[in-house]
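If you want the building blocks of each chain, they are given just below.
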Amino acid sequence: MWGGRFSARPDALMQAINVSISFDKRLAGQDIAGSKAHAAMLAKTGVISSEAEAQIQSGLDAIAAEMAAGTFPFRDEFEDIHMNVEARLREMIGPVAGRLHTARSRNDQVALDFRLWVREACDRSAAQLVALQTVLVTRAEAHADTLMPGFTHLQPAQPVTFGHHLMAYVEMFGRDASRFRDARARMNESPLGAAALAGSPFPVDRQMTAKALGFDRPTANSLDSVSARDFALEALSAASICATHLSRLAEEIVIWMTPQFGFIKLGDAFTTGSSIMPQKKNPDAAELVRAKVGRILGSLTSLTVVMKGLPLAYSKDMQEDKVPVFEAFDALELSLLAMAGMVADLEPNIEKMAAAAGAGFSTATDLADWLVRTLDLPFRDAHHITGAAVKRAEQLGVDLAGLPLAELQALNQGIGEDIFKVLTPAASAASRVSYGGTAPSQVRAQIKRWKETLS
């Protein structure tokens, strides 16, 4: 289709490195949608006749039907999805098909198709995140009172509730969804009509095609229109952050499933066995979700390196933009679906988690806070006394609640029997009533807020 300038066919190696139909055929739906909008605009502005438009639209509909049926003949000789569609259209309706490419270039065509695809991927990711959040909120509501240890440095820190822990991920995934929505809003400008790089001499109506394709407006600079891929980079950035959050939750599922923790069980649907050890039940789904961040972050790095040194406007390097984006969003979609399935499937061991909630002197901060509130001690003094109490409890082989009152009074004579009311994990969690705290009342308030938001 571009052979008029050339007297010989490309070398086989040139054809092999140049062809992209094996992967950019995923843009088929977007390519047809863009072509239909372009044809309608060309007819309305008088660039082509209404009869030509009718034939083109009919042919594009027939091609779409072939693609839906899986019978479209994708051919390497036509390089990419754009030329495959155009060649097939010519086979169907004859020379009038050539009028479709008036006032556009493959440069603005691919920029449009790719932007449409990434926009849809952002929408899918945001919807899948809402589905995951909904599952997390449901589980959190059932376990707003279930005690577990909260950790820092993976060491027991303070008692929290399982519902509070799950709601932390609801917040993270909520920010992830908002990043996809923000990225979508920024990319929602149509590059169609920028042509190769300088715009078009034809009386095109870029507002019309932008509106027809669901964009807010056309892009404002023709050079930027065909050369920008920051919309894909931003989407990959959002995907990488989201995958990092998924990986953190996956890591916790892996840890919680170990016999040493024993906090949760996963059913057969999201675990696998061993080829040699019949007793094994491995959290492979969580481990694979944990690993996907490498592929997704690698895609972001790959596209960043492709784009970093390109002069304006279009360069063939940009053909390498699609594979990393396709791979990243395939991996992200699978991870989001798998994580929603695992969260719905997992069963917490309430007794084991409650027992662990009091381990490691996790109510030490409650003792210090009581000394400040009740005896009006400076917090640093209370911290020192509590540290001494922990040391003495270790020597006696008891937890803080098991430390005799006389031992505590040896550290400060003002300590009375009511100190023991704050030294249980349940009392500790219930006392954290500050906004966003782990007290069951606060957890339920956040659950209520998120249920309203997600609905």
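Residues numbered from 1 in each chain as written. Predicted model: local features only at pLDDT ≥ 70, side-chain atom pairs only at ≥ 80, totals over all residues. Heavy atoms only, no water.

Novice: How do you make sense of a nonpolar patch on the surface when you look at a structure like this?
Specialist: Taken together, Leu197, Leu223 and Leu312 make up a surface patch of nonpolar side chains, about 270 Å² in accessible area. Among the structural elements, Leu223 can be located in helix 9 (residues 222-227). For Leu223, a relative accessible area of 32% translates into the label partly exposed. (Patch = residues over 30% accessible without salt bridge, like charges linked within 9 Å, V, L, I, M, F, W, Y side chains within 5 Å. Areas by Shrake-Rupley, 256 points an atom, 1.4 Å probe, with all protein chains shown as cover. Salt bridge = Lys/Arg side-chain N within 4 Å of Asp/Glu carboxyl O. Helix = DSSP H or I, 4+ residues; strand = E, 2+ residues; numbered from the N terminus. Buried < 20%, exposed > 50% of the residue type's maximum accessible area, 1.4 Å probe, protein only.)

Novice: Whenever I open this one, helix 4 (residues 50-69) confuses me. Can you help?
Specialist: Taking 1.5 Å of rise per residue, 20 residues should cover 28 Å, and helix 4 covers 29 Å from first to last C-alpha, within 8% of that figure. For helix 4, every residue scored as buried is listed here: Ala52, Glu53, Ile56, Gln57, Gly59, Leu60, Ile63, Glu66 and Met67. At the exit of helix 4 stands Gly70, carrying a positive phi of roughly 75°. (Expected span 1.5 Å × (residues − 1).)

Novice: Help me understand the packing of helix 6 (residues 106-142) against helix 12 (residues 322-345), please; the structure alone is not making it clear to me.
Specialist: Two measures define how a pair of helices packs: the angle their axes make with one another and the distance between the axes. At a minimum axis separation of 9 Å, helix 6 and helix 12 run at an interaxial angle of 15°. In terms of axis orientation, helix 6 runs roughly parallel to helix 12. The handedness of the crossing between helix 6 and helix 12 comes out as left-handed. Looking at the contact of helix 6 with helix 12 residue by residue, the classes come out as 18 nonpolar, two polar and five charged. (Axes fitted to C-alpha atoms, helices over the stretch in contact; angles between N-to-C directions. Parallel < 35°, antiparallel > 145°, perpendicular 65-115°, else oblique. Left-handed = near helix turned anticlockwise from the far one by under 90°. Nonpolar A, V, L, I, M, F, W, Y, C, P; charged D, E, K, R; others polar.)

Novice: Got a minute to help me understand the nonpolar core in this structure?
Specialist: Note that soluble globular proteins tend to have their nonpolar side chains buried in a common cluster. Core analysis: the largest hydrophobic core is formed by 98 residues, its most contacted members being Phe180, Phe329 and Met339. In terms of residues, this core owes the most to one element, helix 10 (residues 230-257), which gives 17 residues. Apart from residues no more than four positions distant in its own chain, Met339 is found in contact with Leu132, Leu246, Leu249, Ala250, Ile253 and Val289. (Core = buried A, V, L, I, M, F, W, Y, C linked by side-chain atoms within 4.5 Å. Contact = heavy atoms within 4.5 Å.)

Novice: Looking at this structure, I do not really get helix 14 (residues 364-375). What am I missing?
Specialist: In an α-helix there are 3.6 residues to a turn, and that puts residues three or four apart on one side. Compared with an ideal rise of 1.5 Å per residue, which puts twelve residues at 16 Å, helix 14 spans 16 Å between its outermost C-alpha atoms and is within 8% of the ideal. Within helix 14, burial applies to Ala364, Asp366, Leu367, Ala368, Trp370 and Leu371. At the exit of helix 14 stands Asp376, carrying a positive phi of roughly 60°.

Novice: I'm lost on the state of the cysteines in this one. Help?
Specialist: A covalent bond between the sulfur atoms of two cysteines is referred to as a disulfide. Applying the stated criterion across every chain yields a total of zero disulfides. Between Cys122, a free cysteine, and Cys242, which holds the nearest cysteine sulfur, the sulfur-to-sulfur gap is 11 Å. Residue Cys242 is classed as buried on the basis of its relative accessible area, which comes to 0%. (Disulfide = S-S within 2.5 Å.)

Novice: In this structure, what is going on with the packing of helix 4 against helix 5 (residues 81-93)? I would like to understand it.
Specialist: Interaxial distance between helix 4 and helix 5 falls to 9 Å at its minimum, and their mutual angle equals 115°. In this structure, the crossing between helix 4 and helix 5 has a hand that is right-handed. Counted together, Gln55, Ile56, Gly59, Leu60, Ala62, Ile63, Glu66 and Met67 of helix 4 and Ile81, Val85, Arg88, Leu89, Met92 and Ile93 of helix 5 form the full contact between these two elements. Looking at the contact of helix 4 with helix 5 residue by residue, the classes come out as ten nonpolar, two polar and two charged.

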